[in-house]
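# Chains, contacts and geometry: an overview
Here are the chains, one letter per residue:
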Amino acid sequence: TGSAPTSVTFYWGPTDGGAAQGSWMYSTNLGVLSTGLFSNTLSSLPANKSYYYRAFATNSESYHWARTSTNFTTGKPTVQFTATNSSGSETSTPAIIQVTLSVTSAVDVTVNYTVEAGTASNGLDYALTNGVITIPAGEIGVGIGFSVTNDLLDEYDKTVNLLLSNPVSALLGA
């Protein structure tokens with residue numbers, strides 16, 4: 001674009017807009033830049049989604065698009081329990097244990113959960129079997145619900161342990 005001060009605009013979106021400014025979903029004006037490399041940080045993008053981008057430079061002498069559009073795919077979110085422990089009374093049924101993503105995902109996320117031995121007895125103190133949960137695309141989390149048996153006995157606190165495993169379209173969090 002010659003030696004005149006050059007303004008650069010970064011165009012991006014879920015589809016390739018080519019060399020037509022109006023065909024891109026988003027744009028960011030990076031201002032007047034010197035010759036050389038530059039970068040632009042995009043934040044708050046959903047996980048597991050592909051995007052295209054292309055730069056456009058203009059000044060008083062000319063204008064140019066980058067030769068081609070380029071694409072990238074955002075990384076996988078982490079999936080984990082919202083709290084590392086939770087407690088409630090036997091009269092609080094159903095119990096809900098929340099599972100959340102670090103960021104929303106553009107695709108469904110599934111993860112297995114396993115009921116591990118604790119001090120409570122499955123079938124006697126509560127009812128929950130191993131299963132799979134799905135966090136729908138665009139959602140941040142879901143709950144695992146299970147019933148707690150109110151046996152009217154004055155007892156010590158009891159525990160139920162849950163484990164997450166084998167996530168699809170996500171990574172296990174802490």
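The paragraphs below set out a description of the structure included in this document. Everything numeric in this text was worked out from a predicted model, so none of it was measured.

Thresholds applied
Residues numbered from 1 in each chain as written. Predicted model: local features only at pLDDT ≥ 70, side-chain atom pairs only at ≥ 80, totals over all residues. Heavy atoms only, no water. Helix = DSSP H or I, 4+ residues; strand = E, 2+ residues; numbered from the N terminus. Rg over C-alpha atoms; globule rule 2.2 N^0.38 Å. Buried < 20%, exposed > 50% of the residue type's maximum accessible area, 1.4 Å probe, protein only. Contact = heavy atoms within 4.5 Å. Areas by Shrake-Rupley, 256 points an atom, 1.4 Å probe, with all protein chains shown as cover. Pairing = 2+ DSSP bridges. Phe/Tyr/Trp six-rings, centres within 6.5 Å; stacked < 30°, edge-to-face > 60°.

### Here's the deal with the overall build of the protein chain
Secondary structure summary: the protein chain contains zero helices and 13 strands in total. Mapped from its N terminus to its C terminus, the protein chain presents α and β elements in the order β-β-β-β-β-β-β-β-β-β-β-β-β. Over its C-alpha trace the protein chain gives a radius of gyration of 25 Å, far above what one expects of a compact globule, namely 16 Å for 174 residues. In terms of overall dimensions, the protein chain has a C-alpha envelope of 85 × 20 × 20 Å along the principal axes. Out of the 174 residues in the protein chain, the part that is buried amounts to 28%. Considering only residue pairs separated by 6 or more positions, the protein chain has 66% of its internal contacts joining residues 24 or more positions apart. As presented, the protein chain carries roughly 10700 Å² of accessible surface, and 51% of it is formed by carbon and sulfur atoms.

### A look at the sheet that holds strand β9 (residues 126-127)
With mixed pairing, the five strands of this open sheet are ordered in space as β9-β11-β7-β6-β13. Among the strands making up the open sheet, the edge pair consists of β9 and β13 (171-172). Bridge count for strand β6 (residues 78-81) against β13 is two bridges, and the pairing is parallel. Note that in β13 the partner of Thr78 across the bridge is Leu171.

### Some thoughts on the packing of aromatic side chains
With the rule as written, the count across this model stands at nine aromatic pairs. Through a chain of ring-to-ring contacts, three or more aromatic side chains come together here, namely Phe10, Trp12, Tyr26, Tyr51, Tyr53 and Phe72.

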